Amino acid sequence: MCNVCGCAQGETKIDGQTPHAHTHDHDHDHSHGHDHGHSHDHDHHHDHGHSHDHSHEQHHHGHNHDYGQGPAHAHAPGLSQSRMVQIEQDILSKNDAYAAENRGYLKALGILALNFVSSPGSGKTTLLARTITDLKGDVPITVIEGDQQTANDAERIRATGAKAVQVNTGKGCHLDGHMVGRALESLAPEKNSLLFIENVGNLVCPAGFDLGEKLKVVILSVTEGEDKPLKYPDMFHAAGLMLLNKIDLLPYLNFDVDLCIENARRVNPDIRVLQVSATSGEGLDDWYAWIKSEATQTQSKEA
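Cut-off values and rules
- Residues numbered from 1 in each chain as written.
- Predicted model: local features only at pLDDT ≥ 70, side-chain atom pairs only at ≥ 80, totals over all residues.
- Heavy atoms only, no water.
- Core = buried A, V, L, I, M, F, W, Y, C linked by side-chain atoms within 4.5 Å.
- Buried < 20%, exposed > 50% of the residue type's maximum accessible area, 1.4 Å probe, protein only.
- Helix = DSSP H or I, 4+ residues; strand = E, 2+ residues; numbered from the N terminus.
- Contact = heavy atoms within 4.5 Å.
- Phe/Tyr/Trp six-rings, centres within 6.5 Å; stacked < 30°, edge-to-face > 60°.

1. Concerning the nonpolar core
Judged by nonpolar contacts, the single largest core of 30 residues is most densely connected at Leu114, Phe196, Val217, Leu243, Trp287 and Trp290. When residues of this core are traced back to their parent elements, those giving at least two are β7 (112-117), α2 (124-135), β8 (141-147), β10 (194-198), β11 (215-221), β12 (239-245) and α8 (284-298). With six residues, the top contributor of residues to this core is α8. Those residues within four positions of Trp290 in sequence are excluded, and the remaining contacts are Leu114, Leu215, Val217, Leu241, Arg272 and Leu274. With 20 residues, the next largest nonpolar core counts Val222, Met235, Ala239 and Val257 among its residues.

2. A closer look at the packing of aromatic side chains
For the structure on display, the rule yields three aromatic pairs. On the basis of an interplanar angle of 65 degrees and a centroid distance of 5.4 Å, the ring pair of Phe116 and Phe196 is categorised as edge-to-face. On the criterion of sequence distance, the pair formed by Phe116 in strand β7 and Phe196 in strand β10 is long-range, its members being 80 residues apart. Residue Phe116 shares its accessibility class with Phe196, and that shared class is buried. Measuring from centroid to centroid gives 5.7 Å for Trp287 and Trp290, while their planes differ by 15 degrees, and the two rings are stacked.

Structure, rendered in structure tokens:
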């Protein structure tokens with residue numbers, strides 16, 4: 001169980017497979033001015049503890065990545081509040097270390113990574129599929145799909161021609177940096193490409209877990225209510241962009257667009273808001289222009 005949000009981690013699967021002991025080699029071109037190839041030996045133990053060592057050709061150091069998902073930090077009456085806080089800090093700290101590795105890898109390759117977050121039913125998969133269809137001729141695109149079960153969304157994305165990896169979190173309610181790192185190994189995205197990470201449908205827990213993305217994009221459907229940003233402030237505070245989706249339905253709803261945007265900016269004065277419809281295409285040109293601008297700023301200028 002994850003002490004941060006209370007979810008049971010369960011058995012994570014990448015494209016239907018449970019990762020076991022494996023070795024992989026890859027080169028990271030780090031922004032701090034030196035290149036080094038390194039080999040990682042991962043021995044994943046599915047008894048709710050993850051321990052693995054990294055052997056680096058130039059940098060030798062061992063990491064014990066233990067998410068503390070055993071009984072020691074379950075929500076039990078005998079566990080003190082201070083101990084729970086300490087375990088939560090440890091979980092987030094180790095997640096942040098994974099996220100930092102992901103961010104360094106993505107930055108070195110000039111890859112724009114966007115973390116799509118929303119409640120279930122916001123239309124983010126439909127919006128993502130439309131976005132890929134419209135932009136795939138301009139830039140290489142890969143996708144990491146996060147769901148508790150099934151590969152349905154990954155199959156929808158692959159139907160657009162984009163390469164996608166499905167991460168099933170089991171009973172977990174969010175992706176974390178470690179899961180995304182393993183998915184990146186499988187995807188091997190191209191230099192100066194786009195990476196979309198579609199998180200598990202949940203406006204609570206994904207707010208607290210950095211995945212190494214450049215920023216979070218929160219999708220809010222006009223069918224959900226204007227007060228969502230006030231009900232789930234952490235997510236809207238963490239996001240850099242809000243996509244107000246399904247605006248083609250506005251004539252049939254009692255939804256106050258101005259009030260919704262006002263609520264979002266009460267939580268996050270700096271959040272940018274775009275109104276879109278994946279069905280009608282309204283607002284998509286602005287969305288695509290925003291993506292291209294962010295991608296240009298992210299691209300690696302090295303040969």
